[in-house]
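Take a look at the letters that make up each chain.
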Amino acid sequence: MQGAVSRGTLSAWPGWPSRWTMWSVARRRWIVYAVGCELVTTVAVIGGLVVEFGGPVQPVAFLVLVGLGIAQAEMARRIERARRWMSGQTHINVTSVWYLAGAFLLPPAWVALLALVLYLHLWLRVWRGVRTRPAHRFAASTAWAMLSCFAASAVLTIDGLNQAGLETWRGVFALVLAAAVFELVNVALVSVGIYLYTASRAAADLIGTWEDNAFELATLCLGGLAALALVAQPVLVVFVVAPLLLLHRYLLLKQQLQVAAVTDEKTGLLNTAGWHDLATREYTRARRRGPGSEFAVLMIDLDHFKRINDTYGHLTGDEVLAAVAVAIEDSVRTSDTVGRFGGEEFVVLLPATGDTHVLGIAERVRVAVGELSVIVSGSARVDGLSVSVGVACYPAAGATLDQVLRSADAALYRAKDAGRNRVAV
């Protein structure tokens, strides 16, 4: 009885795999792929430990790399959390600097365990509270990193490359080979995972941009320098940490600039350019999937907004716009994308949504805005708000994204001509 209670309590824990969102949000083919990679990783690591593949472990080298990886992650913890919140599908993993050093200094199974320890530390200290890093994606990413480390170290056991002195051309070749194998295996595993998860075929989504890969190369170069320092003069490895932290901070600044370029500063929503980019990607995916694929667009206009500005002033008008933006976001699904087209006009992209569900979502938005009561300037209250909503669905409303947007805009004007505060198709 006590064992049954313990098992029941364990399965009720939010972190238990049976309670992961993977089962409701991920495609079955991604689940099969991810679980398969995790099983292969487990077998490879256990097998490598049992047969001592690559030779016996050097515990001091393992502990030093673990300590360095954790220390670097702690120093960059806030930066890493901010990067994760803003990141898209691909992500530059700065901890790979220690994996490359480990590939030269440790047997394959132990390099994989190094990746496991550093990933678990990052999960506990950084990623656990980030919405873009749910547990199932963390588990898959960990397996891919471990397999990449295992492959990079395993290739060096061929012809004793891991025994070559780093001061020789043979040793330099070994470092370059390990870096190339790590990067190629990791890119292959991650890009397949992203494709199966999102169905995106865009190169920037699958393997990152040229700039992303240039930064990854810079990280691997630092990993080579770390390996050289650990072999020749271990104390010199501290000189790798400073440029690594600067690289980390630069990556955060780069992402902040990218986010600012597509964000509306008054509401925090996507601006026209940012929303249109995502909508174009969804249109491309829908067209690729062929017959039966659909998406919907809501064009939303805040009724009588000029009256609010004239009565309360433009600062109050901005507060009302921000409150309406929050109400719209709270009324749609997490998979939907809300943007501001300027003035008092908002737009929503609803992927994989047709006539059956879109009207209910549009009506929910209209009701939510109508229930708003915005307190401004300490005591003044703005209520009685309403929106007119135009609805259009692909492909019924048009064969291109531009035609769908024009149809939604025409529907919006029909709603306004019919008296406002209503939904029109």
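Since the structure is predicted, the reported quantities are computational estimates derived from the model, not experimental observations. (Residues numbered from 1 in each chain as written. Predicted model: local features only at pLDDT ≥ 70, side-chain atom pairs only at ≥ 80, totals over all residues. Heavy atoms only, no water.)

Observations regarding the packing of aromatic side chains
No. 1: Following the criterion strictly, the structure yields ten aromatic pairs and no others.
No. 2: Seen from their ring centres, Y99 and F182 are 6.1 Å apart, and the 50° between their planes marks the pair as tilted. Here F182 lies in helix α9 (residues 169–198) and Y99 lies in helix α6 (residues 96–105), a separation of 83 residues in the sequence.
No. 3: Taking 6.4 Å as the distance between ring centres and 35° as the angle between the ring planes, the aromatic pair formed by Y119 and F138 counts as tilted. (Phe/Tyr/Trp six-rings, centres within 6.5 Å; stacked < 30°, edge-to-face > 60°. Helix = DSSP H or I, 4+ residues; strand = E, 2+ residues; numbered from the N terminus.)

Focus: the UniProt feature "transmembrane region" (unreviewed entry) in the chain
No. 1: Within this structure's numbering, the places UniProt gives as "transmembrane region" (unreviewed entry) are residues 30–51, 57–76, 97–122, 142–161, 173–197 and 217–247.
No. 2: Across residues 30–51, the secondary structure splits into 100% helix and 0% strand, with the terminal C-alpha atoms separated by 31 Å.
No. 3: Here residues 217–247 runs as 84% helix and 0% strand, with 12 Å between its end C-alpha atoms. (UniProt positions renumbered as here; feature names shortened; annotations may be inferred.)

Brief notes about unusual backbone geometry
No. 1: In this chain, Y394 is followed by P395 through a cis amide linkage whose omega measures 5°.
No. 2: Even without a glycine there, the phi angle at A352 is positive, about 50°.
No. 3: By the secondary structure assignment, A352 is in the loop between β3 (345–351) and α16 (355–370).
No. 4: With relative accessibility at 62%, the residue A352 sits in the exposed group.
No. 5: Its identity as a non-glycine residue notwithstanding, R420 has a phi of 70°, on the positive side.
No. 6: On the secondary structure map, R420 appears in the loop between α17 (401–417) and β7 (423–424). (Buried < 20%, exposed > 50% of the residue type's maximum accessible area, 1.4 Å probe, protein only.)

Quick word on the pattern of salt bridges
No. 1: Under the counting rule described, the total for this entry stands at twelve salt bridges.
No. 2: D318 is the partner of K266 in a salt bridge, and the nearest nitrogen-oxygen pair spans 3.4 Å. Of this pair, K266 sits in the loop between α12 (238–261) and α13 (272–289) while D318 sits in helix α15 (residues 314–331), and the two are 52 residues apart along the sequence.
No. 3: A relative accessible area of 40% places K266 in the partly exposed class.
No. 4: Since its relative accessible area comes to 25%, D318 is described here as partly exposed.
No. 5: K306 is the salt-bridge partner of D310, the closest N and O atoms lying 2.9 Å from each other. (Salt bridge = Lys/Arg side-chain N within 4 Å of Asp/Glu carboxyl O.)

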